[in-house]
Amino acid sequence: SDSGGKQEEQKADAGSGNVATTPRIKVALITHSKAGDTFWDIVRRGAEAAAQKDNIELQYSSDPDGAAQANLVQTAIDSKVDGIAVTLNKPDAMMPNVKKAIAAGIPVTVLNGGLDTWKQSGAIGYFGQDERIAGEATGDKLKQLGAKKVLCIVHEQGNVSLEARCQGIKNKFGVVENLNVDGADQPGTQATITSKLQQDKSVDYLVGLNAGVTLTAVQAAKDAGSSAKIGSFDMSKEMAKAVKDGTVQFAVDQQPYLQGYLAIDAIWLSKTNGNSIGGGEATLTGPSFVEKSNIEAVEKFAAAGTR
Amino acid sequence: MASTIAAPADADDRVSARSIGARLLSRPEIGSLVGAAVILVFFLVTAEPFRDLNNAGTILYQASLIGVMAVPVSLLMIGGEFDLSAGVAVTTGGLTAGIFAYQFSVNVWVGMAVALVLALAIGLFNGWLLMRTGLPSFLVTLGTFFILQGLNVAVTRLTSGAVASNSISDMDGFTSAKALFASEFKLGGLTIKIIVVWWTVFVAIAAWMLLRTKIGNWIFAVGGDAASARAVGVPVKKVKIGLFMTVGFFAWFTGMQLLFVQNGVVQSGEGVGKEFLYIIAAVVGGCLLTGGYGSVVGGAVGALIFGMVQLGVVYAGWNPDWFKAFLGAMLLLATIVNLVVKNKADAR
Amino acid sequence: MASTIAAPADADDRVSARSIGARLLSRPEIGSLVGAAVILVFFLVTAEPFRDLNNAGTILYQASLIGVMAVPVSLLMIGGEFDLSAGVAVTTGGLTAGIFAYQFSVNVWVGMAVALVLALAIGLFNGWLLMRTGLPSFLVTLGTFFILQGLNVAVTRLTSGAVASNSISDMDGFTSAKALFASEFKLGGLTIKIIVVWWTVFVAIAAWMLLRTKIGNWIFAVGGDAASARAVGVPVKKVKIGLFMTVGFFAWFTGMQLLFVQNGVVQSGEGVGKEFLYIIAAVVGGCLLTGGYGSVVGGAVGALIFGMVQLGVVYAGWNPDWFKAFLGAMLLLATIVNLVVKNKADAR
Amino acid sequence: MSTTESFASEATGSPTTPVVHLENVGKSYGNIHALRGVSLSVRQGEITCVLGDNGAGKSTLIKIIAGLHDYTSGTMSVNGEQRHFSSPRESLDSGIATVYQDLALAPLMSVWRNFFLGNELTKGPFGVLDAARMKRIAQEELTKMGISIPNLEQPVGKLSGGQRQCVAIARAIHFGAKVLILDEPTAALGVNQSGVVLKYIVKARDAGIGVVFITHNPHHAYLVGNHFVILKLGRVALDTHRSDITLEQLTTEMAGGSELEALSHELRGFDPELVVGPEETTKPH
Amino acid sequence: MSTTESFASEATGSPTTPVVHLENVGKSYGNIHALRGVSLSVRQGEITCVLGDNGAGKSTLIKIIAGLHDYTSGTMSVNGEQRHFSSPRESLDSGIATVYQDLALAPLMSVWRNFFLGNELTKGPFGVLDAARMKRIAQEELTKMGISIPNLEQPVGKLSGGQRQCVAIARAIHFGAKVLILDEPTAALGVNQSGVVLKYIVKARDAGIGVVFITHNPHHAYLVGNHFVILKLGRVALDTHRSDITLEQLTTEMAGGSELEALSHELRGFDPELVVGPEETTKPH
Ligand SMILES: Nc1ncnc2c1ncn2[C@@H]1O[C@H](COP(=O)(O)OP(=O)(O)OP(=O)(O)O)[C@@H](O)[C@H]1O
Ligand SMILES: Nc1ncnc2c1ncn2[C@@H]1O[C@H](COP(=O)(O)OP(=O)(O)OP(=O)(O)O)[C@@H](O)[C@H]1O
Ligand SMILES: [Mg+2]
Ligand SMILES: [Mg+2]
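Structure report, in brief. Since the model is a prediction, treat every value here as computed from it, not as a measurement.

1. Quick notes on the overall build of chain A
Assigned secondary structure in chain A consists of twelve helices and twelve strands. The dimensions of chain A, computed from C-alpha atoms along their principal axes, are 60 × 50 × 30 Å. Per element, the accessible surface of chain A, about 11300 Å² overall, is 48% carbon and sulfur. Within chain A, the 36 negative side-chain charges are centred at a point lying 2 Å from the centre of the 32 positive side-chain charges.

Dropping the structure here:
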């Protein structure tokens, strides 16, 4: 091929840094992700980077089912890991086993979800964003951009953090309607959004709750002949391009890479140096807005899959 | 007490003639057609944008997303088997083409050819293993389902470092391939996606093949009673393996559509759960889960019902929380109408 | 050219005696047992924490999460039917108890009783509609599946304003109920969750019922040949409706476990997809998808295989990207071993 | 217990009143009118043979009595009461046991479980199956019929066609109370087994049971029948008592007379060295 | 085309060399040895009757010739060549057509599609099914056999037992080339239809086809058979030519002699007014 392809992009590869000389330890990262999700891929990449640097053997596992995720924590305890980083999006299911791990002397950090509950579990740190605050910031942003009616596209019905984002937007903005789509089915999502835009022509702003869905929404708006503008949560390589060429107005970034990185690094720091990142308080990794004005700074990291 | 009653006339006069109408009503797909009509009327009444003919393109597109795969899945079901790997095989097809073209920096069409070979090989493997072991297809294809699902994610990460394949939208051959799989055209005020045209063509060919050729006859036979079919000399193994490979071919086709409609990028986690939508479309369309009975047109109508309900709820502007509940009620409604029609037809 | 050969002795001497071993080998569950043993040995060798007996509790717990529901699902499958709504019905059960107790500020046990009635009613509805319409259970329960999935989310949001039910952990009766459904105890170094005990009890009762009582006989008969069973006077409808209600009961039980293990909170979106895991466990355990053959013990072993593979991959510390691929390969392996064993048994 | 004993102890009622009486019964499957205006009486202590060509409606007729189908016109009375059976269970509970032509056994279940299906023997307070007793009885009954099934634990689907038929007949005879219906029971049976079944039919009759016997074999019919009903295209073509008809007449009536003539004529045309002479073909089968 | 024509044009080879020859053939299903040391020859222009009790192994024997099962010991040669058929297709391609006892038709497919299944007629370059021609031929062949099936589009599952059997027989006769195997073809048939089938068997024989005919009816067997093989518990108990045996001897051999005596003795004990006398029971069925 004359254009595109792997050979074009290989130059972008970066080298790896030095490795800590501390003894090798084992840390489990346990999330509620489904397989093959872009967002969690970036989280994992951050965690891997930290593990590499800190001479940690990282064990990643995930299960979207609450009880099964809790049992993964038990599995980590059984495997006698030296630390656990865990998402607490379903705190009630997770709490008993997290407490058990802490009681067994395993330091635990919490990432992404569980802002309200992490402290009560006894974890040593929290790294994530407050979804409602992120939503509210988005609501303010939309007001500032002059939106009139907003469609909030929920790609996983019944997911607490997605609901919180839409609720946050609603708190600050008001005229918001939710639309449920199936995030695992892009063409179907596209048709559903198209039909919604055909049904309600007053919608002038779409907000996707992850990068993939937002990019699909771009297509859908085109299909429906709608002039609605588009905003997004979360970043990706393609999203960076879209923000740059103006098809997407803004993306609310919660820096998933940072979440993964810090959750692992915090365990290492605590073990090797007794540090506590955040000093006993939550460390917020977002929201930060990526727009045309600041895309230059983010673009190349997004291309490398770390933003 | 013996009594000899006069013997009745010898000719068999017990059969009252059936009207053409009654005969039409006994086709497998008729029930789903009536079900589709009921749902169409329902949404025409309740959802205003449904009445706008220009939006028909969107509904057809939604239906075609399930409908294309419902074609081979209906055939396979009539042939007495399932394929649980059909959903993820689509993703595998798209990923393979994308990853291969990108990694080896070759023309997109070369990647597509490789993907086609792989998709057919998956079908061959499913069919072969099924015939070799005699295990139920549920089990065999469940194994393939998990394996493909795992490989999709793992190989994508291995090659692209992320969970989506690298975009091939700037590579040679992309534009021509996209025109074939993911373009659209205007027909009056109606925007028709090319996949809808393909869908129609596939349904027509498959329906013709099923009803008018030897192979079609064999498909009914192996699904209805494989042992008897084998006993009269039908090559049961070849027919079944052929059906799985047909699923493979369509998975490739749908995978290409996925690849080109998404600008040359495929998410590796997609496709899971889709296999059931295909099966649902086939069953709603009148195919018997146990094989030996059904129609391709029925499967297409099943996909249409599904598409109409999915978008109808949106067009009607109902509270999205209730969407699934509506969908379920509509499905039950459609199938019960289907049943009532069939019973009525049998009674004539 | 006529030749009369001396007639052989009259007694039937064609049957060579079968050893007890061979007879044992022909039980439906034996294949899955061997499959389970193979997988156990595999992980004992490759995953170090697997060898620690104290971790057996974790594996058993994981298996029981599928295993409890695999009991009625196996029975139902032997009786010739599916229940696709089984997964979300569990969530419905948990949600109902939680929401009812919270909204009406009544004792937790009252909420549980209401949930039980509802769960049984869902089973009754499935069974009744199936028998009334003669539709395949795949379709009927698919409708229920969507309806319940929708209602779970919609009603939860309507009552609690969020997508999870309000916690009932501080309400009357919570502690006693939790002790029953979600407590644990020590046995040597082993921590046993009470659900594992319940699971064992259920498997024992159901296996006994299936093999040693009239009802069990009828379940086999309605699954094997419903028309013949009806002809000899087996109450086919009652048996099938009873089976669906059994699924309802177990869905309630599992829902209670879910509610109490999660501190009185249930996520309304959960449970989707679980129904297939139950079916997989039953099929891997030797139940015939078409009914009439299988065993409850087999279903339990199927769940155990599933649990072992799920956690074995984690214990072994393998890259989770490959998890699904491993799972698929293991499943195929287990079922092929299953098959080989059965063929060997038949040939003896 | 022996079969004869159970017959004797359960049979009641006078032999002249019909246990089952059909009056002008009709039945349609969609647009096919399989039965039209059929009248029939089954009396205790009598064997009623229902005869007729393929597709004449014999099985349809007995499925109505067995409660498997409902009739669409006319009336049926059982024990003097007018009845519409909604399920075979009701028919069984009225003392009618049936051996069907095409429905009988669950192929994946073992022989003894099939034998007792719907009539399981239990013991103890929990209704535990009395497997040992059931196996013993099934074995006894089958041995009495002269067939040897090596292993009662074998699934029925693996038996030969005739063996399966024997299991179904043995079951109906064992559980038959007042009326026993047999739809072509000897079709798949060997000479010996057929003889045994005929013997059983006579025994049942003598024990006061009303028997409906469907067969295509005029010899079998004439050997045991008291009363003959011939169906033709869904209507009764002949209804007569044994004393009013000879075997030759019956055979001719069953075959419809003329067609048989043509056949024997045709067979006569072949090489006599290889085929039997005409005197044997006129008394066929 | 008429059946007789197709027979005449396809039959070749001398009538004395066996088309199919089995030597010491054995077959086990797991621990059941269904056949042991069976030798059998099928010659063109001859009807070989295979007789025997239920479960004697008759169906197993013909399933081996039909390619449905493989044999586990001994040798089978077809047209002089030693063969192990791996599928029924191979057997069909060697000119062997079979009517099975328990396998025959796809119940949900229409009558004419079943008739031509595996031998579909096509037209045009795309291999389009010639439905009109197939329906016409199927109708003709069935009419010739003397059964009327009102609607050829009806699914086979809705036909009566005998009607189904007729469809299977008509098909085998229509497509049979060198050897025709019939496993209890007349079991479910009426007097007329049985007569027609027997006539067809004779016609096929005269056209030079080798016929294997399995039946439980000694009258049917003796009426058409040239050669009789009786199986007993999986072994050949009698192998004789027609000229060496009478109908009475054959009947006695089939029933195993002694058992029949006992039966006629027993039946004699009953009320002579209701049951036929002993002179009729000694020549049963
Ligand atoms: N379920 C059904 N649906 C439609 N038609 C049917 C059904 N069952 C039977 N028939 C038709 O009714 C007629 C009578 O069938 P029936 O089975 O009673 O015949 P039969 O006298 O028992 O014949 P045989 O001697 O071949 O068993 C036949 O023409 C048959 O095709
Ligand atoms: N698939 C099988 N598996 C195990 N045993 C079998 C199988 N098929 C037949 N048998 C056994 O082999 C023996 C011979 O059966 P076969 O069907 O050949 O008898 P048959 O002579 O045709 O009897 P019938 O006159 O009743 O049709 C029987 O004991 C039967 O139980
Ligand atoms: Mg009949
Ligand atoms: Mg046989």
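2. Some thoughts on the pairing of strand β10 (residues 210–214) of chain D
All names here are of chain D. β10 sits mainly inside the fold: five of its five residues count as buried. Sheet topology note: the strand β3 (residues 47–52)/β10 ladder contains four bridges and is parallel. From the neighbouring strand, V50 faces β10, where its bridge partner is I214. Here five bridges tie strand β9 (residues 179–183) to β10, and the two strands are oriented parallel to one another. Of the residues in β10, the one forming a bridge with V179 is G210. Crossover connection from β9 via helix α7 (residues 191–206) to parallel β10: handedness right-handed.

3. Quick notes on the pattern of salt bridges
Evaluation of the coordinates by the stated rule reveals 39 salt bridges over all chains. Where K119 of chain A meets E281 of chain A, a salt bridge forms, and the shortest distance between an N and an O atom there is 3.0 Å. In this pair, K119 of chain A sits in helix α5 (residues 118–121) while E281 of chain A sits in the loop between α11 (256–273) and β11 (283–284), placing the two residues 162 residues apart along the sequence. Taking the shortest distance from any N to any O, the salt bridge between K240 of chain B and E81 of chain B comes out at 2.6 Å.

4. Digging into the site of ligand 2
Contacts to ligand 2 come from 20 residues, most closely from S160 of chain D together with G55, K58, S59 and T60 of chain E. Neighbouring residues of ligand 2 are not confined to a single chain but are spread across chains C, D and E. In the model, an oxygen atom of ligand 2 is placed 3.3 Å from a nitrogen or oxygen of the K158 of chain D main chain. G55 of chain E places a polar main-chain atom, nitrogen or oxygen, 2.8 Å from an oxygen atom of ligand 2.

5. Quick look at the environment of D234 of chain A
Residue and element names in this part refer to chain A. Structurally, D234 can be placed in the loop between β9 (229–233) and α10 (237–244). D234 sits in the buried class, given a relative accessible area of 4%. For the pair D234 and G135, spaced 99 residues apart in sequence, the C-alpha to C-alpha distance is 12 Å. Dropping the residues within four chain positions of it, D234 is found in contact with F39, R165, L209, N210, A211, M239, A251, V252 and Q254.

6. Topic: the packing of aromatic side chains
All names here are of chain E. Within the structure shown, the criterion is met by 54 aromatic pairs over all chains. Here F116 and F175 contribute two aromatic rings whose centre-to-centre distance is 5.7 Å and whose plane-to-plane angle is 85°, an arrangement assigned as edge-to-face. Highlighted residues: F116 in the loop between α4 (111–115) and β7 (122–123) and F175 in helix α6 (residues 161–175), separated in sequence by 59 residues. The lysine or arginine in question, K203, covers the ring of Y200, its NZ or CZ lying 5.3 Å from the ring centre.

7. Here we look at a nonpolar patch on the surface
Residues and elements named next belong to chain B. Side chains of F185, L187, V197, V201 and I205 sit close together on the surface and give an oily, nonpolar patch of about 400 Å² of accessible area. Sorting the residues of the nonpolar patch by element identifies β1 (184–187) and α8 (194–212) as the ones contributing at least two each. By residue number, the principal contributor to the nonpolar patch is α8, which donates three residues. By the element assignment, I205 lies in helix α8.

8. Topic: the sheet that holds strand β6 (residues 96–99) of chain E
Residues and elements named next belong to chain E. Taken in spatial order, the six strands make up an open sheet running β6-β9-β10-β3-β11-β12, and their pairing is mixed. Whereas interior strands pair on both sides, the edge strands pair on one side only; in this sheet they are β6 and β12 (235–241). Sheet twist, expressed as the average angle between the axes of neighbouring strands with direction ignored, equals 15°.

9. So, empty space enclosed by the protein
Evaluated as defined, the whole model comprises eleven cavities of 30 Å³ or more. By volume, the largest cavity amounts to about 340 Å³. Put simply, the parts of the chain that give the lining of the largest cavity at least two residues each are α7 and α8 (218–224) of chain D together with α7 (191–206) of chain E. Here the residues of the lining of the largest cavity are counted per class, giving eight nonpolar, 16 polar and two charged. A volume near 130 Å³ is recorded for the second largest cavity. In terms of lining, the second largest cavity is formed by 14 residues, of which the most central are D65 of chain A together with V90, T254, L258 and K274 of chain C.

10. Description of the site of ligand 1
Near ligand 1 you find 20 residues, and of these K58, S59 and T60 of chain D together with S160 and G162 of chain E are the closest. Chain contributions to the surroundings of ligand 1 come from chains B, D and E. Here K158 of chain E contributes a backbone N or O atom positioned 3.4 Å from an oxygen atom of ligand 1. In isolation ligand 1 exposes 640 Å². Once the protein is present, 89% of that is buried.

11. Brief notes about the sheet that holds strand β1 (residues 18–29) of chain E
Pairing within the open sheet is antiparallel, and its four strands lie in the order β2-β1-β4-β5 (chain E). Only two strands of the sheet have a single partner each, and these edge strands are β2 (32–43) and β5 (81–82) of chain E.

Analysis parameters
- Residues numbered from 1 in each chain as written.
- Chains lettered and ligands numbered in written order.
- Predicted model: local features only at pLDDT ≥ 70, side-chain atom pairs only at ≥ 80, totals over all residues.
- Heavy atoms only, no water.
- Helix = DSSP H or I, 4+ residues; strand = E, 2+ residues; numbered from the N terminus.
- Areas by Shrake-Rupley, 256 points an atom, 1.4 Å probe, with all protein chains shown as cover.
- Lys, Arg positive; Asp, Glu negative; His and termini not counted.
- Charge placed at Lys NZ, Arg CZ, Asp CG, Glu CD.
- Buried < 20%, exposed > 50% of the residue type's maximum accessible area, 1.4 Å probe, protein only.
- Pairing = 2+ DSSP bridges.
- Right-handed = clockwise from strand over helix to strand, strands pointing away.
- Salt bridge = Lys/Arg side-chain N within 4 Å of Asp/Glu carboxyl O.
- Near = heavy atom within 4 Å.
- Polar contact = N/O pair within 3.5 Å; in protein donor to acceptor, adjacent residues only side chain to side chain.
- Contact = heavy atoms within 4.5 Å.
- Phe/Tyr/Trp six-rings, centres within 6.5 Å; stacked < 30°, edge-to-face > 60°.
- Lys NZ or Arg CZ within 6 Å of the ring centre and 35° of its normal.
- Patch = residues over 30% accessible without salt bridge, like charges linked within 9 Å, V, L, I, M, F, W, Y side chains within 5 Å.
- Axes fitted to C-alpha atoms, helices over the stretch in contact; angles between N-to-C directions.
- 1 Å grid on protein atoms, 1.4 Å probe; cavity = no way out; pocket = protein on both sides within 12 Å on 5 of 7 lines; lining within 4 Å.
- Points joined across faces, edges and corners; volume = space filled by probe spheres on them.
- Nonpolar A, V, L, I, M, F, W, Y, C, P; charged D, E, K, R; others polar.

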